[in-house]
Amino acid sequence: MRRHHRTTPRITRLLGSLLMVAAAGAFTTGAAPTSASTVATPLDRVIPAPASVEPGGAPYRLTPGTRIRVDDSREARRVGEYLADILRPSTGYRLPVTSHGDGGIRLRLAKGPYGDEGYRLDSGRSGLTITAYKASGLFHGVQTLRQLLPAAVEKDSVQPGPWLVAGGTIEDTPRYAWRGAMLDVSRHFFGVDEVKRYIDQIALYKINKLHLHLSDDQGWRIAVDSWPRLATYGGSTEVGGGPGGHYTKADYKEIVRYAASRHLEVVPEIDMPGHTNAALASYAELNCDGVAPPLYTGTKVGFSSLCVGKEVTYDFVDDVVRELAALTPGRYLHIGGDEAHSTSHADYVKFMDRVQPIVAQYGKTVIGWHQLTGATPAKGALAQYWGLDRTSAEEKAQVAKAAQNGTGLILSPADRAYLDMKYTKDTPLGLSWAGYVEVQRSYDWDPGAYLPDAPASAVRGVEAPLWTETLSESGHLDQMAFPRLPGIAELGWSPASTHDWDDYKVRLAAQAPRWDALGTGYHRSPQVPWPTD
Ligand code: ACM
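The structure presented is a predicted model; accordingly, all values stated were derived computationally and were not measured.

Trainee: Hey, could you go over the overall build of the protein for me, with residue numbers and the actual values?
Mentor: Secondary structure summary: the protein contains 16 helices and 19 strands in total. Taking 2.2 N^0.38 as the reference for a compact globule, 533 residues should give roughly 24 Å; the C-alpha atoms of the protein span a radius of gyration of 24 Å, in line with that estimate. The principal-axis extents of the C-alpha atoms in the protein amount to approximately 85 × 45 × 45 Å. Scored against the burial criterion, the 533 residues of the protein give a buried share of 61%. Counting contacts in the protein only where the partners sit at least 6 residues apart, residues at least 24 apart contribute 75% of the total. When the accessible surface of the protein is split by element, carbon and sulfur atoms take 53% of a total near 19,900 Å². Averaging the positions of the 56 positive and the 59 negative side-chain charges in the protein gives two centres separated by 7 Å.

Here it is as structure tokens:
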């Protein structure tokens, strides 16, 4: 029987929890369990909410003798090693990753109704098995397993346990293939280790795309051999006048490799024709008047444009796209296209008509911010919608019409999904041009029915952008992404039937000890019933 959250009576769930408390008690010596750590987390307390949960039976218990058994495939073994790396420091167990023996934690690749990213998790007294068709499914199943284990499992020193996983079965596949997070490394530069940290934080919630906003007015962040001053000069500062920085090609490849190890695809963005002051400052010939403007360290938008009428502009775009495409194993290249307020509409259309084929020529699929729908989106292109409630009906209709004509949509409504918006007027970091976005507002919308007249089938998924005009260190990213990012991740992964703020806020609150254990900061929104200690 498949049981979805909405159709599970609350009383049944409560009963299930009580049974699990009783079962967990069987493993303690005599006395009834008193500490929360002896109670296995109910199977439906995970974010994103699993598609289907069937609790029952005795819990699984991790012991000093547990093995992580993997199929004899390199990819499955990698997921096993990743899991072992998480579990060893806190459990203190050896946890060998092996393709022999029985019992223990098993990561199994098999045909089944899992798709590329889905999985099944079976937990019981004799073992815990995650089954998937692809390694990505095993990896997502491992994220579920982490959340079913006590938060202390995330710590980097030995903890007492016990390490129980409630008995039962989870069957889980994502609602959408696109579950993205964007990081703006242009307004403030974030180094490779900071990006890796963010990757690890978002992988826990089954995010599978990392969109890197690599260029803007304030900084160009990726080395381009044929135009070296883009990075060395154009990347030499940031908002507020700090030293900025850029990724060498080796740095970028390391980010791509690390993201892939967490089953995330990197989506690089070069924003054009606007948001290009860093490039225009680096090369005078890119300017219509042949004069390079100074570097820019403020936060205004819409004042810069590549010179649409000059041939050198397309040589530049060709070189940049060619080099970036060659570094990027992923399928997509994002060309921005937002806020081109210094480019006439006719020039904007002309520019996009020239640039989109260049992206295709180097084997990538175009993504643009939704203003691309005001030009002619290439066949197969995706438009990333970042409008808000007050966006004009005309603009929304333009995006909906493109969607009706085959343009896929990634939904990032600024007054819901933008992680850089302040929660309230008192939030010290962030911006508020899209309004204040508290945790409930961020979570409480349905991507499938969001944009009027856009067919639900056009929606490829959701993405949470994190713009960094006001954010200059990882701790700042934490405060804005958490606790909102898990909500966007849930909208991207979980069936609409699981969507329920009152249920979600309790699951969200339960993430706090895990963030504490991981060293992830978060905003203690009063909308969430955080545990008190
Ligand atoms: C954007 O926020 N300008 C895409």
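Having seen the structure, we can now continue with the description.
Trainee: Can you explain helix α4 (residues 192-203)? Please cite residues and give values.
Mentor: Along an α-helix, residues three or four positions apart point the same way, because every turn accommodates 3.6 residues. The terminal C-alpha atoms of α4 lie 16 Å apart, and with twelve residues this matches the ideal 16 Å at 1.5 Å per residue to within 8%. If you check which residues of α4 are buried, you get Val-192, Val-195, Lys-196, Tyr-198, Ile-199, Gln-201, Ile-202 and Ala-203.

Trainee: I'd love a proper account of the sheet that holds strand β3 (residues 68-70), names of residues and values included.
Mentor: Strand order in the open sheet formed by seven strands is β1-β9-β6-β7-β5-β3-β4, with mixed pairing between adjacent strands. The open sheet terminates on both sides in strands that have one partner only, identified here as β1 (52-55) and β4 (97-98). In this structure, strand β5 (residues 105-109) lies alongside strand β7 (residues 127-132), joined through five bridges in parallel fashion. Following the sheet pairing, Ile-105 is matched in β7 by Leu-128.

Trainee: Summarise the nonpolar core; cite the residues concerned and give the values.
Mentor: Ranked by size, the top nonpolar core spans 142 residues in total, and within it Ile-105, Leu-212, Trp-220, Tyr-247, Tyr-252, Phe-316 and Leu-485 carry the most contacts. Top element by residues in this core is helix α8 (residues 311-327). It accounts for eight residues. Contacts of Phe-316, omitting those with residues within four sequence positions, involve Trp-220, Trp-227, Leu-230, Ala-279, Leu-286 and Leu-306. Counting residues in each nonpolar core, the second largest holds ten residues, with Met-182, Met-421, Val-437 and Trp-467 among its members.

Trainee: Lay out the side chain of Thr-276 with the relevant residues and their values.
Mentor: In this fold, Thr-276 is placed in the loop between β14 (265-269) and α7 (277-282). Among the residues examined, Thr-276 registers a relative accessible area of 3% and is labelled buried. If near-sequence neighbours (up to four positions away) are discounted, Thr-276 is found in contact with Asp-217, Asp-271, Ser-304, Ser-305 and Leu-306.

Trainee: Could you give an account of the state of the cysteines, with specific residues and numbers?
Mentor: According to the stated counting rule, one finds one disulfide in the structure shown. Between the sulfur of Cys-288 and that of Cys-307 lies a disulfide, 2.0 Å long from S to S. Taking the torsion about the sulfur-sulfur bond, which here is approximately 100°, the covalent link between Cys-288 and Cys-307 counts as right-handed. Of this pair, Cys-288 sits in the loop between α7 and α8 while Cys-307 sits in the loop between α7 and α8, placing them 19 residues apart in sequence. Residue class for Cys-288 comes out exposed when judged on its relative accessible area of 58%.

Trainee: Account for the confidence of the model for the protein, with residues named and values stated.
Mentor: A residue-level look at the protein finds 93% of positions with pLDDT of 70 or above and a mean pLDDT of 93. Low pLDDT (under 50) marks residues 1-36, which in the prediction has 47 contacts with non-local residues, meaning those over four places away or in another chain.

Trainee: Residue-level account of the packing of helix α2 (residues 74-91) against helix α3 (residues 135-148), with values.
Mentor: When two helices pack together, their arrangement is given by the angle between their axes and by how far apart the axes lie. Look at α2 against α3: their axes get within 9 Å of each other, and the N-to-C directions meet at 15°. Comparing their axes, α3 and α2 come out roughly parallel. α2 and α3 meet at a crossing whose hand is right-handed. Within the contact between the two elements, α2 uses Glu-75, Ala-76, Val-79, Tyr-82, Leu-83 and Ile-86 and α3 uses Ala-135, Leu-138, Phe-139, Val-142, Gln-143, Leu-145 and Arg-146. For the contact of α2 with α3, the class distribution of residues is ten nonpolar, one polar and two charged.

Trainee: Can you lay out the packing of aromatic side chains for me, pointing to particular residues and giving the numbers?
Mentor: The tally for this structure, following the rule as stated, stands at 24 aromatic pairs. Ring geometry for Phe-189 versus Tyr-247: centroids 4.9 Å apart, planes at 50°, classification tilted. Of this pair, Phe-189 sits in the loop between β10 (178-184) and α4 while Tyr-247 is found in the loop between α5 (229-232) and α6 (249-261), placing the two residues 58 residues apart along the sequence. When the centroid spacing of 6.0 Å and the interplanar angle of 85° are considered together, the rings of Trp-386 and Trp-433 count as edge-to-face. Here Trp-386, found in the loop between β17 (382-385) and α10 (393-404), pairs with Trp-433, found in the loop between α11 (414-417) and α12 (439-443); they are 47 residues apart in sequence, far enough to count as distant. For Trp-386, a relative accessible area of 11% corresponds to the buried category.

Trainee: I'd like to hear about the pattern of salt bridges, residue by residue, with values.
Mentor: What the rule picks out here adds up to 32 salt bridges. Of the charged contacts in the structure, one is a salt bridge between Asp-318 and Arg-322, with a shortest N-O distance of 3.9 Å. One end of the pair, Asp-318, and the other, Arg-322, are both in helix α8, four residues apart, so they sit about a helical turn from each other. What makes Arg-322 partly exposed here is its relative accessible area of 33%. Overlapping salt bridges, with partners in common, bring together Asp-44, Arg-45, Glu-490, Asp-503 and Arg-507 in one network.

What counts, and at which threshold
Note that residues are indexed from 1 along each chain, following the sequence as it is written. The predicted nature of this model means local features are confined to residues of pLDDT at least 70 and side-chain atom pairs, given and counted, to a pLDDT of 80 or more, with totals for whole chains, interfaces and linings taken over all residues. Based on all heavy atoms of the structure, the side-chain values leave hydrogens and waters out of the count. Helix and strand definitions here come from DSSP, where helices need a minimum of 4 consecutive H or I residues and strands a minimum of 2 consecutive E residues; each element is numbered from the N-terminal end. This radius of gyration counts C-alpha atoms alone. The globule rule is 2.2 Å times how many residues there are, raised to the power 0.38. Three exposure classes are used, based on accessible area relative to the maximum for each residue type with a 1.4 Å probe and protein chains only: buried under 20%, partly exposed in between, and exposed over 50%. Working rule for contacts: check all heavy atoms of both residues, and any pair within 4.5 Å makes them a contact. Per-residue accessibility takes into account occlusion by the displayed protein chains alone, with areas from the Shrake-Rupley method and a 1.4 Å probe. Positive charge is attributed to Lys and Arg, negative charge to Asp and Glu, and no charge count is given to His or to the chain ends. For charged residues, the charge sits on one atom: NZ in Lys, CZ in Arg, CG in Asp, CD in Glu. Expected helix span is given by 1.5 Å per residue-to-residue step, counting one fewer step than there are residues. DSSP calls a pair of strands paired once it identifies at least 2 bridges connecting them. In this text, buried Ala, Val, Leu, Ile, Met, Phe, Trp, Tyr and Cys residues form a nonpolar core when linked through side-chain atoms within 4.5 Å. Disulfide: a pair of cysteine sulfur atoms within 2.5 Å of each other. Every residue is assigned a pLDDT by the predictor, reflecting its confidence on a scale from 0 to 100. Angles run from 0 to 180 degrees between N-to-C directions of axes, and those axes are lines fitted to C-alpha atoms, restricted for helices to the stretch in contact. Throughout this description, any angle smaller than 35 degrees is read as roughly parallel, any larger than 145 degrees as roughly antiparallel, any in the 65 to 115 degree range as roughly perpendicular, and the remainder as oblique. In this scheme the handedness of a crossing depends on how the near helix is turned from the far one: anticlockwise by less than a right angle means left-handed, clockwise means right-handed. Here the nonpolar group is Ala, Val, Leu, Ile, Met, Phe, Trp, Tyr, Cys and Pro; Asp, Glu, Lys and Arg are the charged ones; every other residue, Gly included, is treated as polar. Side-chain rings of Phe, Tyr and Trp (the six-membered ring for Trp) are treated as a pair once their centres are within 6.5 Å; stacked means planes under 30 degrees apart, edge-to-face means over 60, and tilted covers the remaining angles. For this document, the term salt bridge refers to a Lys or Arg side-chain nitrogen within 4 Å of an Asp or Glu carboxyl oxygen.

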